[in-house]
Amino acid sequence: MTITVSNRIGGAEVPATDGATFERANPADRRQIVSIAPESSPADVTAAVDAASDAAATWRRTTPTRRAEILTAAARILAERADGIAAEMVAEEGKPIGDARMEASRTPRNLELYAGEAYRLTGATFPSDDTPIVYSVLDPVGIVGVITPWNFPLNLASRKIGPALAAGNTVVFKPSPMTPLMGERLAAAFIDAGLPEGVLNVVHGFAAGAHLVADDRVTAITFTGSTATGRKIHAAVGLGRRVQLELGGKNPIIVLADADLDAAAAVVARSSFSLTGQACTGAGRILVAEPIHDALVDKVVALAGKHVVGRGDRPGNTLGPLIDDHAVDAMRTTVDTAGSDGAEVACGGTALDDGELAHGSFYAPTVLTGVRRGTDMASREVFGPVIGFETFTELDEAIESANAVEYGLSAAICTRDIAAAQRFAAEIQAGMVRINRPTVGAAFNAPFGGIKQSGTGMHREQLGPTVMDFYTTSRTVWFGS
Ligand code: NAD
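Residues numbered from 1 in each chain as written. Predicted model: local features only at pLDDT ≥ 70, side-chain atom pairs only at ≥ 80, totals over all residues. Heavy atoms only, no water.

(A) Looking closely at the sheet that holds strand β4 (residues 21-26). Taken in spatial order, the three strands line up as β1-β5-β4 in an open sheet, and their pairing is mixed. This sheet does not close on itself; its edge strands, each paired only once, are β1 (3-4) and β4. By the bridge criterion, two bridges tie β1 to strand β5 (residues 29-38) in an arrangement that is parallel. Bridge assignment links Thr4 to a residue of β5, and that residue is Ile36. Packing of helix α3 (residues 82-93) onto the sheet brings it into contact with β1, β4 and β5, and relative to β4 it is tilted by some 100°. (Pairing = 2+ DSSP bridges. Helix = DSSP H or I, 4+ residues; strand = E, 2+ residues; numbered from the N terminus. Contact = heavy atoms within 4.5 Å. Axes fitted to C-alpha atoms, helices over the stretch in contact; angles between N-to-C directions.)

Have a look at this one:
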């Protein structure tokens, strides 16, 4: 069944003013059109920002209790709808049903957490020599533009919209054009929870994100997506507006010779192949100590071979499709280029299109060996199940090599040597460091994000105790007698 999704502007569900739409096909079977959504024009985006602007004064004066009630109700509604949303997520985004259920069930927890933040917008008082009291208060930043990718279409958006609303901001949300239905399902939960008209507006489309960023009334932009798009947004945001960018990665795992090999292989396989390699924190570079290279490759190849690739709605399938055929082409190019640069295919290296896979965007989990530092495979983000092994002899050399990329998102080391782990934790250039743990995974109450070209380095303001800093401004008041 194809579901038609509308923009949500000022409480109305509306098509694009010029009637333009785009279709999203099931990546496991392109013959099925899952959703049709408006391709928003600049005028549509302007109308959404108008609505957010109109609603701003009332929402910022809405009590913390009411804001928290609405977020809590939205969490409950999402939890009640989680099974249906998970099934739709599989059809629209492709991930296996177990992963979709996990995302759908975790998302309400974000909203419960941020409901409480409505009460914790505390300022401070300051001793003063010349006036009875100096104090600071937190204000909402204004209109927040939320722009998100497709790979966690509910969860990532909820952890931006939740704190934005809790702080008293109004929002214009631009979901990925790969997952408009998921954007609609999330927005509907807030609106059905009683959010007043215009507080949360949704515009869909391929160009709507750029239109949104271009509107100076959007005072804060929180974006998760590729580094290429992040660069464009960063360049477009001038003085007086704030921007939070959470971008791509080329996440390394260093495996030392003393590591528990089975455990290390499991860490590598989980980091590299879960979510079909389409996680920002997925590991694409495996730097392994020379003496254990062959044994580790064998174990990882064996684990790759255990994956059952197929439609996400078939229980037992562990690896779903890539997001679309362009992604399959990108894997082909990546493997070809790596081959020209001297790498060899230890397993995979092919698109899969037999039988039931014929109409989908499937690619085999792929292990490359002999990847050389500085080559395309060792330095560019590959958003799919293709990983490359490199070797090293000294830990310092491995850390230096791991750091010799433009990214700094997530990194892991596998070792039993505490001193080596500590050195790695201190010297690796990454926002998130894991010891004997996969590079993937997040704690919903701990900072999550990266440094260097993986973002604006403001991940203390994305998840974690200081998350509300991004969504508020501080006003200092000198109060005379
Ligand atoms: P993308 O950059 O192509 O798109 C992300 C969003 O930006 C989409 O909604 C898109 O429509 C919009 N967009 C595109 N061009 C724009 C522009 N000029 N101005 C404003 N918005 C624009 O990314 P994607 O393919 O959806 O997602 C995959 C990428 O996201 C990967 O690079 C991955 O590493 C990254 N990612 C990062 C994190 C993190 O927390 N660091 C999490 C998930 C995904």
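(B) Geometry of the side chain of Gln278. Examined against the element boundaries, Gln278 turns out to sit in the loop between α9 (261-273) and β14 (283-289). On the basis of relative accessible area, Gln278 is assigned to the buried category, the value being 4%. (Buried < 20%, exposed > 50% of the residue type's maximum accessible area, 1.4 Å probe, protein only.)

(C) Just the site of the ligand, in detail. With respect to spatial proximity, 27 residues lie near the ligand, and among them Lys174, Ser226, Thr229, Leu247 and Glu381 are the closest. Within the backbone of Ala210, an N or O atom sits 3.4 Å from a nitrogen atom of the ligand. At 2.6 Å from an oxygen atom of the ligand is found a side-chain nitrogen or oxygen belonging to Glu381. Coverage of the ligand by the protein amounts to 87% of the 850 Å² it exposes when considered alone. (Near = heavy atom within 4 Å. Polar contact = N/O pair within 3.5 Å; in protein donor to acceptor, adjacent residues only side chain to side chain. Areas by Shrake-Rupley, 256 points an atom, 1.4 Å probe, with all protein chains shown as cover.)

(D) Region of interest: helix α5 (residues 155-166). Over its twelve residues, α5 runs 16 Å from end to end, which matches the ideal 16 Å to within 8%, given 1.5 Å per residue. With twelve of its twelve residues buried, α5 lies for the most part within the structure. Buried residues of α5: Asn155, Leu156, Ala157, Ser158, Arg159, Lys160, Ile161, Gly162, Pro163, Ala164, Leu165 and Ala166, and no others. In the segment just after α5, Gly168 is the residue with positive phi, at about 95°. (Expected span 1.5 Å × (residues − 1).)

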